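# Examination of the molecular architecture
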Amino acid sequence: AVRGRGRDPVHEELIVTGWLGAIAHTCTLWVHRKSEKGEMPNPGRNLEILRRWLEREPENPRGLHYAGREEAAFGRHSVALPYYERFFAVCTRLDELAAQVHRCYAISLMKVGRFAEAEQDARAVIAAFPEWPDSYLTLAEVELERDNPSGVIENATRVIELGPPRTTLPYLVTDYTTYPRV
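In short, a report on the structure. (Residues numbered from 1 in each chain as written. Predicted model: local features only at pLDDT ≥ 70, side-chain atom pairs only at ≥ 80, totals over all residues. Heavy atoms only, no water.)

### Focus: the overall build of the protein
Within the protein one finds seven helices and two strands. In the protein, the succession of helices and strands from N to C terminus is β-β-α-α-α-α-α-α-α. Relative to its full complement of 182 residues, the protein shows a buried share of 35%. Taking the contacts inside the protein whose residues are at least 6 apart along the sequence as the reference set, 51% of them involve residues at least 24 apart. In the structure as shown, the protein presents an accessible area of about 12000 Å², 54% of it carried by carbon and sulfur atoms. (Helix = DSSP H or I, 4+ residues; strand = E, 2+ residues; numbered from the N terminus. Buried < 20%, exposed > 50% of the residue type's maximum accessible area, 1.4 Å probe, protein only. Contact = heavy atoms within 4.5 Å. Areas by Shrake-Rupley, 256 points an atom, 1.4 Å probe, with all protein chains shown as cover.)

Written as structure tokens, this is what we have:
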């Protein structure tokens, strides 16, 4: 059997050595090795992997993005922000990936009460990508914080009109399974 290994310390992308062609799913078994002991996964495991990765490659954009998201997932938004800012220092071009990271950045900014900066960030992304719904979602959340119902409705309506981002990048579609509360 051909064995694979991850390209990076995270498992989203698999590199396979040896001959590989179109393999029908009916004759292939992909095994994701989990603990056979039945214990709960270590919630800090991903952070440990990401920190070691960034020690080796401190300017790796994926590592910076994922480390920021992981810190934010634990509610440590003030710790997540510098990872996102380092990502932007490395990836100066505003493309779809950067637009995704800007949404993560804006969420963390809002969680630490920096709504004006989140708004400014969202407007910069809209200037480059006017069809990117995440930025309008950020603006709707800023307007909600300001208790401005018309601003919330305007931006939330734009999110609904645009729907999920049209991108080939991996995306958290769960962000778009419910409609904003207006």
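Picking up where we left off.
### Overview of the environment of Phe74
Tracing the sequence through the fold places Phe74 in the loop between α2 (61-73) and α3 (77-90). A sequence separation of 30 residues divides Phe74 from Gly44, and the C-alpha atoms of the two residues are 9.2 Å apart.

### A look at the packing of α2 against helix α4 (residues 96-111)
Between α2 and α4, whose axes approach to 11 Å, the crossing angle comes to 30°. As judged from the angle between their axes, α2 and α4 are roughly parallel. As α2 runs across α4, the sense of the crossing is left-handed. Contact with α2, carried on its side by His65, Arg69 and Ala72, involves Leu97, Gln100, Val101, Cys104 and Ser108 of α4 and no other residues of that element. (Axes fitted to C-alpha atoms, helices over the stretch in contact; angles between N-to-C directions. Parallel < 35°, antiparallel > 145°, perpendicular 65-115°, else oblique. Left-handed = near helix turned anticlockwise from the far one by under 90°.)

### Looking at the pattern of salt bridges
Taken as a whole, this structure holds 10 salt bridges when the rule is applied. Note that Glu131 is salt-bridged to Arg158, the shortest N-O span being 3.2 Å. Residue Glu131 is found in the loop between α5 (115-128) and α6 (133-145), and its partner Arg158 is found in helix α7 (residues 149-162); the two are separated by 27 residues along the sequence. A relative accessible area of 24% places Arg158 in the partly exposed class. In this structure, Arg146 engages Glu143 in a salt bridge whose closest nitrogen and oxygen atoms are separated by 3.7 Å. You can call Glu143 buried: its relative accessible area is 10%. (Salt bridge = Lys/Arg side-chain N within 4 Å of Asp/Glu carboxyl O.)

Worth remembering: the numbers are spatial, not functional.
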